[in-house]
Amino acid sequence: MVKILTIIGARPQIIKAAALSRAIKNKYSKKIKEVIVHTGQHYDENMSQVFFDELDIPHPDYNLNAGSGMHGKQTAFMIESIEEVLLKEKPNCIVVYGDTNSTLAGAIAASKIHVPVIHVEAGLRSFNKSMPEEINRIMCDHVSTLLFSPTKAGVGNLVKEGFEKNNKGPYSIDNPKVYHCGDVMYDNSLYFSSIADKTSSVLKENGLEDGRYILATIHRNNNTDEPVRLNALFRAMNKIARNNKIKIIIPLHPRTEKLLSHNLTPELYSLIKTSDYIKILPPVSFIEMIALEKHAQLVMTDSGGVQKEAFFFKKPCIILRSETEWVELVKSKSAIVVDADESKILKAYNYFLKAKKLNFPSLFGDGKAAEFICDEILRNIK
Ligand code: UD1
Ligand code: UDP
């Protein structure tokens, strides 16, 4: 039996980890024992518990209750607490997802006491180190033993940073293994797609018609915290909605919700709040989100996960950032990077309105990335 310690904390990690927990439950329960540690980075019911209920993730064995805070304080608390759990549980490895502070804390705590780190979603780079996530990804990759990259570009980035592609085992922090393995988020989107259609009433509840609304999310710190950028994003959305008489539905991250009235001009804030077209919702569940993505005309987002899910469901995406680590989406021309630039956002929307046929090549595996990861853990972690 291999004992893995899974670190989750922020919304997207809870969702990603669901794919592995599902694979373990269905196929590897006699070979892999999973201990789940929730750092508590996200804690609101609609940012955490809802996903456990809906995605059938086992109840966490530990909740560290880290909560919100400055990067140093939050990460340091998590490192200290994860170290204690590692010493008690003595797992064969730790599994961390993505690029949040919880990911970094897990990677640092484990690597320093010689517990092999498995990084799911390795190798992604935005080449923008002003993003906290970019620092987290780079640091985590460089202390990992097994690195699972969902994209070829991710593998290429690691090779450029000195990782070898064809090295032989046994693998360790000094002889790490890089895999190109597909995306656990694609596993989830395939698995939950028909369930979402059968069970979600989110479209009906919000008076939305198939293909007749835009789905938007905004939570990236430079967008929420910089008033010039936040105003530009909401001005653009307001213009698109009004000019095209199209609804824009925005399940809003609590970070953004808390800053909206403070950082938008009073005029724009009032326009948005009273708009017939723009509807702000609290964060929705994953099943509701999938239903909204599947039936949207188009997606506008600064989220990493949501831009990919738009692609999985063959929807054009306007990326509200200055760059993306998911470069394949932009290369396929189904997504456009516009930054927080009002005129670029309007131009991209008009482009997609007229675009005849968009291209969504199969880039993210076969829906079995989680099984691949489990097999490789069993093969390489003793
Ligand atoms: C974090 C990740 C980001 C990821 C995002 C997913 C880091 C550095 N950032 O950003 O990569 O894309 O999660 O959603 O790890 N808050 C609540 N309730 C909650 C959680 C957060 O109100 O349950 C509010 C708090 O005011 C908090 C703020 O959101 O200060 C930011 O939360 P935090 O976890 O620090 O960063 P995110 O912006 O969520
Ligand atoms: N998501 C969700 N409800 C929402 C917004 C997002 O379930 O209201 C899901 C979304 O479908 C995706 C993941 O959360 O699977 C993306 O997380 P987020 O945008 O918070 O972070 P990022 O991917 O940018 O790190």
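For clarity, every value in this text was computed on a predicted model and none was experimentally measured.

Parameters at a glance
Residues numbered from 1 in each chain as written. Chains lettered and ligands numbered in written order. Predicted model: local features only at pLDDT ≥ 70, side-chain atom pairs only at ≥ 80, totals over all residues. Heavy atoms only, no water. Near = heavy atom within 4 Å. Polar contact = N/O pair within 3.5 Å; in protein donor to acceptor, adjacent residues only side chain to side chain. Helix = DSSP H or I, 4+ residues; strand = E, 2+ residues; numbered from the N terminus. Salt bridge = Lys/Arg side-chain N within 4 Å of Asp/Glu carboxyl O. Buried < 20%, exposed > 50% of the residue type's maximum accessible area, 1.4 Å probe, protein only. Pairing = 2+ DSSP bridges. Contact = heavy atoms within 4.5 Å. Axes fitted to C-alpha atoms, helices over the stretch in contact; angles between N-to-C directions. Parallel < 35°, antiparallel > 145°, perpendicular 65-115°, else oblique. Left-handed = near helix turned anticlockwise from the far one by under 90°. Nonpolar A, V, L, I, M, F, W, Y, C, P; charged D, E, K, R; others polar. Areas by Shrake-Rupley, 256 points an atom, 1.4 Å probe, with all protein chains shown as cover.

Draft legend 1. How the structure looks around the site of ligand 1. Around ligand 1 there are 21 residues in total, and His-42, Asn-101, Glu-133, Arg-255 and Lys-258 lie nearest to it. Between ligand 1 and Gln-41 there is a distance of 2.9 Å, counted from an oxygen atom to a side-chain nitrogen or oxygen. In the model, an oxygen atom of ligand 1 is placed 2.8 Å from a nitrogen or oxygen of the His-219 side chain. Elements supplying a minimum of two residues to the shell around ligand 1: helix H3 (71–89), helix H5 (132–141) and helix H11 (254–263).

Draft legend 2. Seen up close, the pattern of salt bridges. Per the counting criterion, the structure on display carries 20 salt bridges. Between Lys-27 and Glu-371 there is a salt bridge; the shortest N-O distance is 3.2 Å. Of the two residues, Lys-27 is situated in helix H1 (residues 11–28) and Glu-371 in helix H17 (residues 369–380); the sequence distance between them amounts to 344 residues. Sharing partners across several salt bridges, the network here consists of Asp-99, Glu-134, Arg-137, Arg-321, Glu-323 and Glu-325.

Draft legend 3. How the structure looks around the pairing of strand E1 (residues 2–8). Of all 7 residues making up E1, 7 are buried, and the element is well covered by its neighbours. Covered by surrounding structure in E1 are Val-2, Ile-4, Thr-6 and Ile-8 together with Lys-3, Leu-5 and Ile-7, the residues of both alternating faces. In this structure, E1 lies alongside strand E2 (residues 32–38), joined through 7 bridges in parallel fashion. Within E2, the position partnered with Leu-5 by the bridge is Val-35.

Draft legend 4. Quick peek at the side chain of Arg-137. Here Arg-137 is to be found in helix H5. Arg-137 gets classed as buried once you look at its relative accessible area, which sits at 2%. Within the structure, Arg-137 has its side chain in polar contact with the side chain of Glu-134 (distance 2.4 Å). Ignoring anything within four residues of it in the chain, the contact list for Arg-137 reads Asp-99, His-119, Leu-124, Arg-125, Ser-126, Met-131 and Glu-325.

Draft legend 5. Spotlight on the packing of helix H10 (residues 227–244) against helix H12 (residues 266–274). Two elements in contact, H10 and H12, have axes whose closest approach is 11 Å; the angle formed by their N-to-C orientations is 40°. On the basis of their axis angle, the class for H10 and H12 is oblique. Between H10 and H12 lies a crossing whose hand is left-handed. For the pair H10 and H12, the contacting residues are Asn-231, Phe-234, Arg-235 and Asn-238 in the first and Leu-268, Leu-271 and Ile-272 in the second. Here the contact of H10 with H12 is composed, by residue class, of 4 nonpolar, 2 polar and 1 charged.

Draft legend 6. Up close: the site of ligand 2. Around ligand 2 lies a shell of 19 residues, among which Arg-220, Val-284, Ser-303, Gly-305 and Glu-309 are the nearest. At 2.9 Å from an oxygen atom of ligand 2 is found a side-chain nitrogen or oxygen belonging to Arg-11. Contact with the protein chains removes 95% of the 540 Å² of surface that ligand 2 exposes when unbound. Counting only elements with at least two residues in the shell around ligand 2, the list comes to H1, helix H13 (286–295) and helix H14 (304–312). When residues in the shell around ligand 2 are grouped by element, the largest group, 4 residues, is from H14. The residue makeup of the shell around ligand 2, split by class, is 10 nonpolar, 5 polar and 4 charged.

Draft legend 7. Spotlight on the sheet that holds strand E8 (residues 213–217). Spatial strand order, E10-E9-E8-E11-E12-E13: 6 strands in an open sheet with parallel pairing. For this open sheet the edge positions go to strand E10 (278–281) and strand E13 (335–337), each flanked by a neighbour on one side alone. Averaged over all pairs of adjacent strands, the angle between their axes in this sheet comes to 20°, without regard to strand direction. Examined bridge by bridge, strand E11 (residues 298–301) and strand E12 (residues 317–319) share 3 bridges and lie parallel to one another. What sits directly across from Thr-301, in E12, is Ile-319. Of the strands in this sheet, E8 and strand E9 (247–251) are in contact with H13, which crosses E8 at around 130°.

Draft legend 8. Seen up close, the pairing of E9. Extensive coverage of E9 is indicated by the burial of 4 of its 5 residues. Of the pairings in the sheet, the one linking E8 to E9 comprises 3 bridges and is parallel in character. Across the sheet, the residue bridging to Tyr-213 is Lys-247, located in E9. Looking at chain direction, E9 and E10 are connected through 4 bridges and run parallel. When the sheet's bridge partners are listed, Ile-250 is paired in E10 with Ile-280.

Draft legend 9. Looking closely at the environment of Ile-272. Residue position: Ile-272 is located in helix H12. Between the C-alpha atoms of Ile-272 and Ala-355, which are 83 residues apart in sequence, the distance is 28 Å. Not counting residues within four places of it along the chain, the set of residues in contact with Ile-272 comprises Phe-234, Asn-238, Leu-264, Ile-278 and Ile-280.

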